[in-house]
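# Architecture at a glance
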Amino acid sequence: MEPVGRKEELLSRIAVALRGHEANNPASGAAAGSEAAQSVTDRIARFRNMFESQGGNFLAGPSLDPLLPELGEALRISGVTALFSPPGDERARLVAETLVPFGPFRLASPGEIRMVSAPASAGIQTAEFAIAETGTLVQSGQKGKTLLPGLISDVHVAILSPAAFVDRMEECLAALSEDLPRTISFITGPSRTGDIEQTLTIGAHGPKKVIVVLLP
Amino acid sequence: MEPLSRFFYRRSEKALSDATLQASISRTTGKFVGARADSVAAFPGFEAARDEGSRIKRETLDRLDHHLGRFIDEAERRGAVIHAARDGAEAREIAARIAKEEGVTLAVKSKSMVGEEVDLTSALEAAGVEVVESDLGEFIVQLAGEPPSHIIAPAVHKTREQVSRLFVEKLGEPYTDKIPELVAIARRRLREKFLSAGMGVSGANFLCADTGSIALVTNEGNGRMGTILPRVHLVIAGIEKVIPRLSDLPVFLRLLPRSATGQPISTYVSVLTGVKRPEDPEGPEKLHIILLDNGRSGILKGKYRDILKCIRCGACLNICPVYQSVGGHAYGWTYPGPIGSVLTPLMTGLAEGIPLANASTLCGACADVCPVKIPIPGLLLELRADERDRGLKDPAEVFGMKGYAAVMSRAGILEALERIAGVISSVFLKEGKAPWLPFRFSGWTDRRDFPAPAPQPFRKLWKKQRGIRPWNR
């Protein structure tokens, strides 16, 4: 087991190193600039611009029905055959169920998707926040939520409502800090790598496609 | 990792004559430099974020005992087990003990420079654990049995053909020269490992003191999988990674990805706090955090404290004319480029690392791009001064420099020497070049000519044309 006093020893070594060395420049707290309150429409437009420029797909409509053919086609060309949504996420379950006739799809359980030999899948989940500054989706484990749809699926479908959009990461961290979950996952576009010859390649470990479905 | 920095000159020569390596280095650094410049230009808040990030890092270091203490308390309160490691050997011991106690046989590891620094993988392997590097670049260099050559892109020195031959030889996969197919092979092979590993090993980009959280930044998604799916999460982090508050994280996320790859933000940022809660469907049941000193508290003590502000973006590597010429392996230890030229002498010993600090023209490009404003050229000069003070410099060079200073500060002597040099030059030297200097100084002329003194000194020409001595104006 950990010998007692090791952490104390580390901290005292640091304190000794610092002694006699004055803290300098308690400088001005120049923040990165505060912008005026942005309207929801503007936030959504900025999110969409950043999200699409980093490889995300964005669908919006007055209701789910007119979006289904395009969504189904996007999943079909990615080879998706299994759809899954987390338990308790009624909105996502509804999207998954109504989507089944729009491609070679069937509903699957998260447990099935977690297998090594899992079929190509789309994980459908309501996202908690969307950050306009960077085009970033926020999915957390707050209140026992699962992170699997945005983690192990081939296509990640994030359901958003206008209320989920914030300007900056600060706002969503502040909101989540009240009951800080074990995991907060900030997701900006599909999984990518540049590790071979600096060539941008999509689909390293995470989803190869990220689709936002914005519904009123 | 055993340092080989004292062989920098020999290793540089090897790198300079390797054509494949030269092509990879210039492609990588060129792309990174361009992408960084574009993304900084597109973000008006970058300078303000630099000031803010630099200030927060310095203030945190100035009270590191307080902030690290807070981090330890908060992380423990949320279920983490904290281990303090004085040096690399202790970190390896601790990691091996954790793996044994947790009964781990397979671990997936995300990229960690500190992991490289202490050679964590070999320690776990010695404890009977199969360790799979899950970052694609690291996976490739692990298969090749090589160390990484760039902080951000570890396998930049490999071509797609070399990667494919590795996959054929080590994994039995069919040959392909298509990069998406190579990535798909790695995805499939690593997915099996993520789903069955008992432990995920990662570094940390930031440790947030007020919540005990670990922030991890990746593009591939390996950092998330390895820290959400396995039962045990082992983190290794340098003590300087602490930031005071979770709310300080956004400013660093505005700096790090832009400086590293030119992205407005990396694809995945994970904020991980403690262990799995009873209501959570996934997440690690055990969280071990190794806080590594390994010489950092010694650096904190003195005039090099600012180097500990580094957030490991790699921007100084890409912009550096020396790194652009020789690549990462020539530096001979974990941290290459300008940041490595300061860290290596401080962490492995002055005699071992000083060739790196001397191999710089002090052009200042690294300081210009540093997102947390580390004055790297000034620190390199300090190291050279330390080298002289400790008597490690060649006495002939010290003597020569003293003579040079004496001559340059006395106009009469300089003028007399210039006249003599002018005569020698016009009588003995061809085409205005001195092809060699006497042997103590031959290092300057082994690979290039020394410009010969002009027949007429500049100041004489000036006096003739302007009728005044330039130093009397």
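None of the values given here were measured: they were computed from a predicted structure.

## Things to note about the overall build of chain A
Across its full length, chain A carries 6 helices and 12 strands. Across the 216 residues in chain A, those meeting the buried criterion constitute 53%. For chain A, the share of sequence-separated contacts (at least 6 apart) that also reach a separation of at least 24 residues comes to 75%. Here chain A displays about 8900 Å² of accessible surface, and carbon together with sulfur accounts for 58% of that area.

## Some words on the sheet that holds strand 12 (residues 209-214) of chain A
Sheet strands associate in pairs through backbone hydrogen bonding, adopting either a parallel or an antiparallel arrangement. Residues and elements named next belong to chain A. Taken together, 6 strands build an open sheet; the order of strands is 1-12-7-4-2-3 and the sheet is parallel. The open sheet has two edge strands with one neighbour each: strand 1 (57-60) and strand 3 (106-107). Strand direction decides the pairing type here: strand 2 (residues 82-84) and strand 4 (residues 121-126), joined by 3 bridges, are parallel. Counted as the bridge partner of Leu83 is Ala122 from strand 4. Lying over the sheet, helix 2 (residues 40-53) contacts strand 1 and strand 12, oriented at roughly 150 degrees with respect to strand 1.

## A closer look at the environment of Gly332 of chain B
Residue and element names in this part refer to chain B. By the element assignment, Gly332 lies in the loop between helix 15 (321-326) and helix 16 (337-348). Along the chain, Gly332 and Arg11 lie 321 residues apart, while their C-alpha atoms are 8.0 Å from each other. Excluding residues within four positions of it along the chain, Gly332 makes contact with Glu2, Pro3, Leu4, Ser5 and Arg11.

## Let's talk about the pairing of strand 10 (residues 286-292) of chain B
All names here are of chain B. Burial runs high along strand 10: 6 of the 7 residues are buried. Relative to strand 10, strand 1 (residues 80-85) runs parallel, the two being bridged by 6 bridges. What sits directly across from His83, in strand 10, is Ile290. Here strand 7 (residues 232-238) runs beside strand 10; their pairing, made up of 7 bridges, is parallel. Bridging across to strand 10, Leu234 finds its partner in His288.

## Focus: a nonpolar patch on the surface
Residues and elements named next belong to chain B. Together, Ile413, Leu417, Ile420 and Ile424 make up a nonpolar patch on the protein surface, roughly 340 Å² of accessible area in all. Relative to the elements of secondary structure, Ile424 occurs in helix 21 (residues 411-428). The partly exposed category is assigned to Ile424, whose relative accessible area is 43%.

## Things to note about helix 19 (residues 376-389) of chain B
Residue and element names in this part refer to chain B. The end-to-end C-alpha distance of helix 19 is 20 Å, a good match for the 20 Å that 14 residues give at a rise of 1.5 Å each. Along helix 19, the residues that are buried comprise Ile376, Pro377, Leu379, Leu380, Leu383, Arg384, Asp386 and Glu387. Packing partners of the buried residues in helix 19 comprise helix 14 (315-319), helix 16, helix 17 (350-358) and helix 18 (365-369). Positive phi appears at Gly391, one or two residues downstream of helix 19, with a value of about 70 degrees.

## Focus on the environment of Val427 of chain B
For Val427 of chain B, the position within the fold is in helix 21. Considering only alpha carbons, one finds Val427 of chain B and Val271 of chain B, 156 residues apart in sequence, at a separation of 72 Å.

## Overview of the packing of helix 3 (residues 68-77) of chain A against helix 4 (residues 90-99) of chain A
Residues and elements named next belong to chain A. In contact at an axis separation of 10 Å, helix 3 and helix 4 are set at 80 degrees when each is read in the N-to-C sense. Comparing their axes, helix 4 and helix 3 come out roughly perpendicular. Where helix 3 abuts helix 4, its residues Leu68, Leu71, Gly72 and Leu75 lie against Val95, Thr98 and Leu99.

## What about the state of the cysteines?
Residue and element names in this part refer to chain B. Scanning the entire structure with this criterion turns up 0 disulfides over all chains. Cys366 supplies the cysteine sulfur nearest to Cys363, a cysteine that is in no disulfide, at a spacing of 6.3 Å. Counting only cysteine sulfurs, Cys313 is the nearest neighbor of Cys370, a cysteine outside any disulfide, at a range of 6.5 Å.

## As for the domain arrangement of chain B
Domain annotation of chain B identifies domain 1 (1-39 + 317-393), domain 2 (43-297) and domain 3 (400-472). Between the C-alpha centres of domain 2 of chain B and domain 3 of chain B the distance comes to 54 Å.

## As for the packing of aromatic side chains
Taken as a whole and assessed by the stated rule, the structure comprises 9 aromatic pairs over all chains. An aromatic cluster is defined as three or more aromatic residues linked by ring pairs; in this entry it consists of Phe47, Phe51, Phe58 and Phe165 of chain A. The residue whose ring lies beneath Arg224 of chain B is Tyr268 of chain B, and the NZ or CZ to ring-centre distance is 3.9 Å. The ring of Phe43 of chain B has Arg258 of chain B sitting right over it, with the charged end atom 3.8 Å from the ring centre.

## A few points about the interface of chain B and chain A
Contact residues are listed per partner, giving 96 residues for chain B and 73 residues for chain A. Summed over both partners, the interface of chain B with chain A comes to about 7000 Å²; 56% of that surface belongs to carbon and sulfur atoms. Here chain B is connected to chain A by 8 salt bridges. Viewed at the interface, chain A and chain B are joined by 34 residue pairs in polar contact (both at pLDDT 80 or more). Considering each element in turn, the side of chain B that touches chain A owes the most residues, 10 residues, to helix 10 (residues 179-196) of chain B. In terms of residue class, the side of chain B that touches chain A is built from 42 nonpolar, 22 polar and 32 charged. Here 5 bridges tie strand 9 (residues 183-187) of chain A to strand 9 (residues 268-273) of chain B, and the two strands are oriented antiparallel to one another. Bridge assignment links Ile187 of chain A to a residue of strand 9 of chain B, and that residue is Tyr268 of chain B.

## Remarks on the environment of Tyr268 of chain B
Locating Tyr268 of chain B in the fold gives a position in strand 9. Considering only alpha carbons, one finds Tyr268 of chain B and Arg55 of chain B, 213 residues apart in sequence, at a separation of 26 Å.

## Some remarks on the side chain of Thr227 of chain B
On the secondary structure map, Thr227 of chain B appears in helix 11 (residues 222-228). Residues within four places of Thr227 of chain B in sequence aside, it is in contact with Arg182 of chain A together with Ser202, Leu216, His233, Leu272 and Pro284 of chain B.

## Notes on the side chain of Asp89 of chain A
Residues and elements named next belong to chain A. Within the element layout of this structure, Asp89 appears in the loop between strand 2 and helix 4. For the buried Asp89, no salt bridge is present, and the opposite-charge side chain at shortest range is Arg91, 7.3 Å distant. Here Ala92 takes part through its backbone nitrogen, which lies 3.2 Å from a polar atom of the side chain of Asp89. Every residue in contact with Asp89, bar those within four places of it in the chain, is listed here: Gln125 and Thr126.

## Digging into the sheet that holds strand 2 (residues 106-109) of chain B
All names here are of chain B. Pairing in this open sheet of 6 strands is parallel, and the strands run 1-10-7-4-2-3 from one edge to the other. Across the chains shown, the open sheet's two edge strands, defined by having one partner strand only, are strand 1 and strand 3 (130-133). With strand direction ignored, the average angle separating the axes of adjacent strands in the sheet is 20 degrees.

## Concerning helix 2 (residues 19-41) of chain B
Residue and element names in this part refer to chain B. Taking 1.5 Å per residue, 23 residues should reach 33 Å; helix 2 reaches 33 Å between its end C-alpha atoms and fits that length. Tucked inside the fold, the buried residues of helix 2 contact helix 1 (8-16), helix 3 (46-62), helix 12 (249-260), helix 14, helix 15 and helix 18. A distance of 3.2 Å separates the backbone nitrogen of Thr20 from a side-chain oxygen at the start of helix 2, and that oxygen is part of Asp18.

## Comments concerning the nonpolar core
Phe186 of chain A together with Leu124, Met199, Phe252, Ile289, Leu291 and Ile307 of chain B are the most contacted members of the largest nonpolar core, which has 120 residues in total. The biggest single contributor to this core is helix 12 of chain B, with 7 residues. Shared between two domains, this core holds at least three residues of each, these being domain 1 (1-39 + 317-393) and domain 2 (43-297) of chain B. In this structure, Leu291 of chain B is in contact with Leu10 of chain A together with Leu68, Phe71, Ile72, Ile82, His83, Ala84, Ala85, Leu207, Ala237 and Ile239 of chain B, ignoring residues within four places of it in sequence. Core analysis: the second largest hydrophobic core is formed by 33 residues, Ala108 of chain A together with Ile140, Val163 and Leu166 of chain B among them.

About the thresholds
Residues numbered from 1 in each chain as written. Chains lettered and ligands numbered in written order. Predicted model: local features only at pLDDT ≥ 70, side-chain atom pairs only at ≥ 80, totals over all residues. Heavy atoms only, no water. Helix = DSSP H or I, 4+ residues; strand = E, 2+ residues; numbered from the N terminus. Buried < 20%, exposed > 50% of the residue type's maximum accessible area, 1.4 Å probe, protein only. Contact = heavy atoms within 4.5 Å. Areas by Shrake-Rupley, 256 points an atom, 1.4 Å probe, with all protein chains shown as cover. Pairing = 2+ DSSP bridges. Axes fitted to C-alpha atoms, helices over the stretch in contact; angles between N-to-C directions. Patch = residues over 30% accessible without salt bridge, like charges linked within 9 Å, V, L, I, M, F, W, Y side chains within 5 Å. Salt bridge = Lys/Arg side-chain N within 4 Å of Asp/Glu carboxyl O. Expected span 1.5 Å × (residues − 1). Parallel < 35°, antiparallel > 145°, perpendicular 65-115°, else oblique. Disulfide = S-S within 2.5 Å. Domains from an automatic or database assignment. Phe/Tyr/Trp six-rings, centres within 6.5 Å; stacked < 30°, edge-to-face > 60°. Lys NZ or Arg CZ within 6 Å of the ring centre and 35° of its normal. Buried area = accessible area lost by both parts, 1.4 Å probe. Polar contact = N/O pair within 3.5 Å; in protein donor to acceptor, adjacent residues only side chain to side chain. Nonpolar A, V, L, I, M, F, W, Y, C, P; charged D, E, K, R; others polar. Lys, Arg positive; Asp, Glu negative; His and termini not counted. Core = buried A, V, L, I, M, F, W, Y, C linked by side-chain atoms within 4.5 Å.

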